[in-house]
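Coordinate analysis (summary)
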Amino acid sequence: MDFHWDNILLQVLMVLFPFVIYLVLVKEKISDIKHRLLFGLTCAIAITLSLSFAIQINNGRLLDLRLVPWYLAFIYGGNITGIGITLYYILIRIILSGTGMYPNFIILLLASILLLKWKGKFFTYSLKGKLVCSIVFVGIFSALIPTVGTIILSEALTLKKLIIYMAYVLENAILIWIIIYLIELHIEKIYLFNEIQQAEKFNVIGQLAASVAHEIRNPMTSIRGFMQILQSSNRLSLSEREYIKICIEEVDRANAIIADYLALGKNQSPEKNSLLDVTMEIKNAIRSLSSFATLNNVKIDFQHKLPVHIKGNSNRVQQLFINIIKNGIEATSGNGQITIQLNVTQKHVQISIADNGIGMSQESIDRFGLPFYSTKEKGTGLGLMVCRQITEEMAGKISVSSTKGVGSVIHLTFPRIFKI
C-alpha cells in the first residue's frame, strides 16, 4: 500500500483554507440566516476539498478530514446547517462509491445522534473546555472510522496501517484545535469591537448630556408653567383644554428624556457607594411601582426575604430596578406577570426580572441598551442605556434573553459583599 505523507499536510491546508477565507470576509456580526448560509457553504467547500485530497486506502476506502467541517457545521451553524452538510457528504460519498463508505455512514449516524444531544452545552464551556471537548469528540470518532472499517471488511491490521491511522487521528485533532481557536478569537474580536463602539456612543451621549440638558430644562419648565396657567382659564373650550393637556404631557415626556440624559452624565465615585441590602432595594422599587402595576393589571412576584448585600448608591440602584420593572409592566398586556428571582453564590448576586410580555426579536436583543433604540412607540432607549451604565458603575453585568410572544428576562449580576 503506497502512501505519501505529504498528503496529510495538503489535506490540513485544503480544509483550513475555506474557514480562513470565511473569517477574513466576515468582519462584523451578521444575521442568523446569512451566517448559516455562509458557514454552511464554507463547510461544504471544506468537505469537497477534503474528499478531493483524501488519503487513498485499498478497497475504495478514503481517509479524509470530513469530520472536522461536519462537526463545525453543527456547532457553529446550528442543527439545520449540520443536517444539510451531513446529507451533502452522504451524497458525495455515494457518488465516489467504494466499500469504505458503509463504515463511514455508521460512524456518522452515531456521531450525529450524540452531537445533537450534547452540542447545547458547548457554549457554556470556557475556550479551553471547548478545545478539549472538541478534540476528544473528533479524535474518538476519527479513530472509530478505520477501526470499524477494518472490522467490517475483515482486513488485517498491519503496522504500517496502524501508523497511518494514528497519523490520521492526530491530523483531525490538530485541525479541529486550530479552527476552533481561530473561530473563538474571531467571535471575541467582534464582541470587543461592538463593546468599543457602544462605549464610544455612551461617552458621546454623556458629554452631550452635560453640556445641553440643563440649558433645555429651564425653558421647558417655563413653558409647562404657562400651559398650566392657560389651562385654568374659564374662557377655553373643552377641545382647547384637551390640546393644552396634550402639550403638558409632551413637555413632561421631554423633561423625562432630559432627566435620562442627566443620569447618563452622572458617574458615581466609590466614596458615595455604600453597603446595600438588595432585597430591600427591590422591595422599595416594587412599592414605588405598585399603583402603576395595578393600573396596568400586572402582578409583581418577589418571594426572597433574606438580606443580601451589594455595594452601590441607593438612588442609582432604585433607578435601575424601577426602569427595568417599569419596562416589564409596559411590555405586558392584560393579566401581566413580573417575576423577580434572587440567587446568591459565594461571589455573586444574580437577579432575574422576567415578564410575560410581547418578547423581543433577535435584532432587539442585539441592540439592547443602545441609545435611541426602543421597541416602544414613544421610547428613546435612554432608560435601558442608563441601566447599563449604573450596572457597570457597580462592577456588574446586565444581559437579556427573550422569546417573541413569550416574554423577556433581564439578568443582573453583581459582586456579593459580606456584611461584617
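Residues numbered from 1 in each chain as written. Predicted model: local features only at pLDDT ≥ 70, side-chain atom pairs only at ≥ 80, totals over all residues. Heavy atoms only, no water.

**Let's talk about the overall build of the protein chain**
What the protein chain contains, in helices and strands, is 13 helices and nine strands. The long-range share in the protein chain, meaning contacts at least 24 apart out of those at least 6 apart in sequence, stands at 74%. In the form shown here, the protein chain has an accessible surface area of approximately 23,000 Å², with 63% of it arising from carbon and sulfur atoms. (Helix = DSSP H or I, 4+ residues; strand = E, 2+ residues; numbered from the N terminus. Contact = heavy atoms within 4.5 Å. Areas by Shrake-Rupley, 256 points an atom, 1.4 Å probe, with all protein chains shown as cover.)

**A look at the sheet that holds strand 6 (residues 336-344)**
The mixed open sheet is built from five strands, whose spatial order is 4-6-7-9-8. Lying at the two open borders of the sheet, with one neighbouring strand each, are strand 4 (298-302) and strand 8 (397-403). In this sheet, adjacent strand axes meet at a mean angle of 15 degrees when their direction is disregarded. Both strand 8 and strand 9 (residues 407-415) contribute to a ladder of seven bridges, which runs antiparallel. If you follow S402 over to strand 9, its bridge partner there is S408. Along the sheet, helix 11 (residues 314-331) contacts strand 4, strand 6, strand 7 (348-355), strand 8 and strand 9; its crossing angle with strand 7, the most-contacted strand, is approximately 25 degrees. (Pairing = 2+ DSSP bridges. Axes fitted to C-alpha atoms, helices over the stretch in contact; angles between N-to-C directions.)

**Looking at the nonpolar core**
In terms of nonpolar packing, the biggest core is built from 49 residues, with W70, Y71 and L72 touching the most fellow members. At the level of elements, helix 1 (6-25), helix 2 (32-52), helix 3 (67-77), helix 4 (79-96), helix 5 (101-118), helix 6 (127-152) and helix 7 (159-231) are the ones that each hand at least two residues to this core. Not counting residues within four places of it along the chain, the set of residues in contact with Y71 comprises L115, W118, F122, S134, F137, V138, I176 and I180. Counting residues in each nonpolar core, the second largest holds 35 residues, with A293, V308, L412 and F414 among its members. (Core = buried A, V, L, I, M, F, W, Y, C linked by side-chain atoms within 4.5 Å. Buried < 20%, exposed > 50% of the residue type's maximum accessible area, 1.4 Å probe, protein only.)

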